[in-house]
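# Architecture at a glance
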Amino acid sequence: MRYYFSTYYKIPPIILFLPNSIENIFNIDENCFEKQFFYRLMSGLHSSINIAIISTWINVKNTDNPLLNKVKSKPNLLEFKKKFDPEFTKGEGPGRLLNLYFLYMVQIRSIQLLLPHLKMKKIYSGDENEDAKVRGNLKKLGIIINEFDAHYNEKMFFVKERDRKMLFEYEKKFHNITKIMDCLGCANCKLWGKLQMFGLGSTLNLIFSNANNFDALKQTIDYFSRRHIVALFNSLARTSDNISKIKVFKHLYDSKLEL
């Protein structure tokens, strides 16, 4: 079995357009974290997809420069501003970026829960060297993740019975979003969109199984198939890669460059 994931990307203390107070962005009420949980995840996923598109923006402008004509895609700072700059988004842009980091933290936590159980599973691709490399990479990833000191704490949320009922509502919403993707005309968009949603759904299965008890977590992982595990790592890789691209836009923004 082969797993694909990009290099773990540490969350920086300050990101582009980050204001002084997180509470000012989300208008957080201590009594409604559960209600915001689903919104923040979906907003983070939306931000991740936007950054992926904006960072490889197709160049459609005609130019007399033959070298520039060969450029098929490039980062689009203007589109980035339209999505995340507070001046273009009525102050909502920074919250969208923070939701991306929130999504990332939840995904990291799910991988942290999964890795100890993966040690007991056989990784087989038919290539012994490749299998050894995957096992080594998983071990390194586990060490890096365990060194991170700000993991999402799932046991603080959805602890009340009325809050747990929300999980069933979220499950329905996830299914509805997946069904909507069936209407997409682009086959690749449909494939990657569903893969991301499946990965996020698998992430939440791990998170909330562990919130209940360890036995429930073990049962969930035992139920997981190869595609669940691959989707988990793929989702983390996508989010990690898109977060790393924020550095590019920060450089362009600080340099006042327009590509």
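Residues numbered from 1 in each chain as written. Predicted model: local features only at pLDDT ≥ 70, side-chain atom pairs only at ≥ 80, totals over all residues. Heavy atoms only, no water.

### Remarks on the overall build of the chain
The condition is simple: Segments assigned H or I by DSSP are reported as helices when at least four residues long, segments assigned E as strands when at least two residues long, and all are numbered from the N terminus. Only protein chains enter the calculation, and the probe is 1.4 Å; a residue is then buried if its accessible area is under 20% of its type maximum, exposed if over 50%, and partly exposed in between. Contact definition: two residues touch when any of their heavy atoms are within 4.5 Å.
Helices and strands together make up the secondary structure of the chain, namely twelve helices and two strands. Starting at the N terminus and walking to the C terminus, you meet the elements of the chain as α-α-β-α-β-α-α-α-α-α-α-α-α-α. Expressed as a percentage of the 259 residues in the chain, the buried residues total 42%. Restricting the contact set of the chain to residue pairs at least 6 apart, pairs at least 24 apart contribute 76%.

### What to know about the nonpolar core
Where we set the bar: Nonpolar cores are built from buried Ala, Val, Leu, Ile, Met, Phe, Trp, Tyr and Cys residues. Side-chain atoms within 4.5 Å join them into one set.
Counting 50 residues, the largest nonpolar core has Phe37, Val106, Ile111, Leu114 and Phe233 as the members making the most contacts within it. Per element, the largest residue contribution to this core is 13 residues, and it comes from helix 6 (residues 93–118). Non-local contacts of Val106, meaning those with residues more than four positions away in its chain, are made with Phe37, Leu41, Tyr152, Thr203, Leu204 and Ile207.

### Observations concerning a nonpolar patch on the surface
Applicable threshold: Only residues above 30% relative accessible area that lack a salt bridge enter a patch, with like-charged residues linked at up to 9 Å and the nonpolar side chains Val, Leu, Ile, Met, Phe, Trp and Tyr linked at up to 5 Å. Shrake-Rupley sampling with a 1.4 Å probe provides the accessible areas, and residues are treated as covered by the protein chains on show and by no other component. One speaks of a salt bridge when a side-chain nitrogen belonging to Lys or Arg is within 4 Å of a carboxyl oxygen belonging to Asp or Glu.
Residues Ile49, Ile53 and Trp57 make up a contiguous nonpolar surface patch of about 260 Å² in total accessible area. Of note, Ile49 is situated in helix 2 (residues 33–54).

### So, unusual backbone geometry
Positive phi outside glycine occurs at Lys90, with the angle close to 55°. For Lys90, a relative accessible area of 81% gives the class exposed.

### Some thoughts on the environment of Lys82
One can find Lys82 in helix 4 (residues 77–84). Under the relative-accessibility criterion, Lys82 is labelled partly exposed at 39%. Not counting the four nearest positions on each side in its chain, Lys82 is found in contact with Phe88, Thr89 and Arg96.

### Quick notes on the confidence of the model for the chain
Test applied: As a per-residue measure, pLDDT tells how confident the predictor is, with possible values from 0 to 100.
The share of residues in the chain with pLDDT of 70 or more is 76%, and the mean pLDDT across the chain is 75. For the chain, helix 1 (residues 22–26) is the element with the lowest average pLDDT, namely 38, and helix 4 is the one with the highest, namely 91. Confidence drops under pLDDT 50 across residues 1–30; counting only partners more than four residues distant or on other chains, this segment forms 79 contacts.

### A word on the packing of helix 4 against helix 6
Counted only if it meets this: Only the stretch in contact is used when a helix axis is fitted, and all axes are lines through C-alpha atoms; the angle between N-to-C directions ranges over 0 to 180 degrees. Here roughly perpendicular refers to angles of 65 to 115 degrees, roughly parallel to angles under 35, roughly antiparallel to angles over 145, and oblique to all remaining angles. Side-chain classes follow a simple rule in which Ala, Val, Leu, Ile, Met, Phe, Trp, Tyr, Cys and Pro form the nonpolar group, Asp, Glu, Lys and Arg form the charged group, and the remainder, Gly included, forms the polar group.
At their nearest, the axes of helix 4 and helix 6 sit 7 Å apart, and the two run at 95° to each other. When the axis of helix 4 is compared with that of helix 6, the two are roughly perpendicular. On helix 6, the residues touching Lys82, Lys83 and Phe84 of helix 4 are Gly93, Pro94, Arg96 and Leu97. A breakdown of the residues in the contact of helix 4 with helix 6 according to their chemical character gives three nonpolar, one polar and three charged.

### Let's talk about the side chain of Ser55
The test is simple: In protein, a polar contact requires one atom able to donate a hydrogen and another able to accept it; more generally it is a pair of N or O atoms within 3.5 Å, and residues adjacent in sequence count only if both atoms are side-chain atoms.
Mapped onto the elements, Ser55 comes out in the loop between helix 2 and strand 1 (57–58). Among the residues examined, Ser55 registers a relative accessible area of 12% and is labelled buried. Side-chain polar atoms of Ser55 contact the side chain of Lys245, separated by 3.4 Å. Not counting chain neighbours up to four residues away, the residues in contact with Ser55 comprise Lys74, Pro75, Lys245 and Phe249.

### Here we look at the pattern of salt bridges
Applying the stated criterion across every chain, the model contains five salt bridges. Across the pair Glu79 and Lys83 runs a salt bridge, and its minimum N-O distance is 3.9 Å. A residue pair is termed a helical-turn pair when its members lie 3 or 4 positions apart in one helix, as Glu79 and Lys83 do in helix 4 at four residues. Assessed through its relative accessible area of 25%, Lys83 is described here as partly exposed. Ionic pairing is found between Glu92 and Arg96, a salt bridge with its closest N-O pair at 3.3 Å. Taking the relative accessible area as the measure of exposure, Glu92 reaches 47% and is therefore partly exposed. One network of salt bridges, in which partners are shared, links Glu79, Lys82 and Lys83.

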